Amino acid sequence: MDQREYLIPRYLDAPPMALFIEADTAAVAFGFIFIGFFFKQLLICTVAGIVLARLYARSKAGGGRGTIVRFLYWYAPSRLLVKSRSESHERFFLG
């Protein structure tokens, strides 16, 4: 029995990994690579995907977990994200 087959993550809240980077960072890079395949601009979109993935990873690392979600909560239109979300100025709820 090889113990490497049963690798247990070191931290319980560790993010899911894709190859050797975090899955959401890989999604940014691979999304741009897919766009490059679609528009036949593979080199430009690959470079743009890598640069934007690195910027995305830096912005996540600078603010801790949930930085992107907090940014979307405050600056994205609320109707686009969730229909049943309460407003940020409401402090008391009846229910």
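As shown above, the structure is provided for reference.
The structure displayed is predicted, hence computed values, not measured ones.

Enquirer: Honestly, the side chain of Lys 60 in this entry has me stumped. Any pointers?
Expert: If you trace the backbone, Lys 60 turns up in helix α2 (residues 42–63). A distance of 2.9 Å separates the side chain of Lys 60 from the side chain of Asp 24, its partner in a polar contact. Leaving out residues up to four positions away in the same chain, Lys 60 has contacts with Glu 22, Asp 24, Thr 25, Thr 67 and Ile 68.

Enquirer: I'm lost on unusual backbone geometry in this one. Help?
Expert: Among all residues except glycine, the phi angle is most often negative; among peptide bonds, the trans geometry is most common. A positive phi angle, near 60°, is found at Lys 40, a position not held by glycine. Within the element layout of this structure, Lys 40 appears in the loop between α1 (23–39) and α2.

Enquirer: I would appreciate a short explanation of the layout of surface pockets in the present structure.
Expert: A water-sized probe, rolled over the atoms, reveals where empty space remains. Approximately 170 Å³ is the volume attributed to the second largest pocket. Those elements that provide at least two residues to the lining of the second largest pocket are α1 and α2. Of the residues that constitute the lining of the second largest pocket, the class distribution is eleven nonpolar, one polar and one charged.

Enquirer: Sorry, what's going on with the side chain of Thr 25 here?
Expert: With respect to the helices and strands, Thr 25 occurs in helix α1. Judged by its relative accessible area of 9%, Thr 25 falls in the buried class. Ignoring anything within four residues of it in the chain, the contact list for Thr 25 reads Ala 53, Tyr 56, Ala 57 and Lys 60.

Enquirer: In this structure, what is going on with the packing of aromatic side chains? I would like to understand it.
Expert: Aromatic ring pairs are defined here through the distance separating the ring centres and the angle between the ring planes. Scanning all chains against the criterion turns up one aromatic pair. Taking the centre distance of 4.9 Å and the plane angle of 80° together, the rings of Phe 38 and Phe 39 count as edge-to-face. On the accessibility criterion, Phe 38 (60% relative accessible area) is exposed. With relative accessibility at 56%, the residue Phe 39 sits in the exposed group.

Enquirer: Honestly, the pattern of salt bridges in this entry has me stumped. Any pointers?
Expert: Pairing between side chains becomes possible if they bear opposite charge and their charged atoms approach one another. Summed over the entire model, instances satisfying the criterion amount to two salt bridges. Here Lys 60 makes a salt bridge to Asp 24, at a shortest N to O gap of 2.9 Å. Of this pair, Lys 60 sits in helix α2 while Asp 24 is found in helix α1, placing the two residues 36 residues apart along the sequence. Each of Glu 22, Asp 24 and Lys 60 takes part in a single network of salt bridges with overlapping partners.

Rules used in this analysis
Position numbers for residues start from 1 in each chain and track the written sequence from start to end. In view of the model being predicted, local features appear only for residues whose pLDDT reaches at least 70, and side-chain atom pairs are presented and counted only at 80 or more, with totals across whole chains, interfaces and linings using the full set of residues. With hydrogens and water stripped out, all remaining heavy atoms of the structure feed into the side-chain values. In DSSP terms, a helix is any run of H or I states spanning at least four residues, a strand is any run of E spanning at least two, and both are numbered starting from the N terminus. Pairs of N or O atoms within 3.5 Å make up the polar contacts considered here, provided that, within protein, one atom can donate a hydrogen while the other can accept it, and that residues adjacent in sequence are counted only when both atoms are side-chain atoms. Whether two residues touch is decided by their heavy atoms; if any such pair falls within 4.5 Å, the residues are in contact. Points on a 1 Å grid, built from protein atoms alone, make a cavity when a 1.4 Å probe fits but cannot get out and make a pocket when they are open with protein on both sides within 12 Å along at least 5 of 7 lines; residues with an atom within 4 Å of a point are the lining residues. Grid points are joined across faces, edges and corners, and a volume is the space filled by probe spheres set on the points. Gly counts as polar in this scheme, as do all residues outside two lists: the nonpolar Ala, Val, Leu, Ile, Met, Phe, Trp, Tyr, Cys and Pro, and the charged Asp, Glu, Lys and Arg. Classification of residues uses two cut-offs on accessible area relative to the type maximum, computed with a 1.4 Å probe and protein chains only: under 20% is buried, over 50% is exposed, and between them is partly exposed. Ring geometry is summarised as follows: Phe, Tyr and Trp rings, the Trp one being its six-membered ring, pair when their centres sit within 6.5 Å, and such pairs are stacked at plane angles under 30 degrees, edge-to-face over 60 and tilted between the two. The rule for a salt bridge is simple: a side-chain nitrogen of Lys or Arg has to be within 4 Å of a carboxyl oxygen of Asp or Glu.

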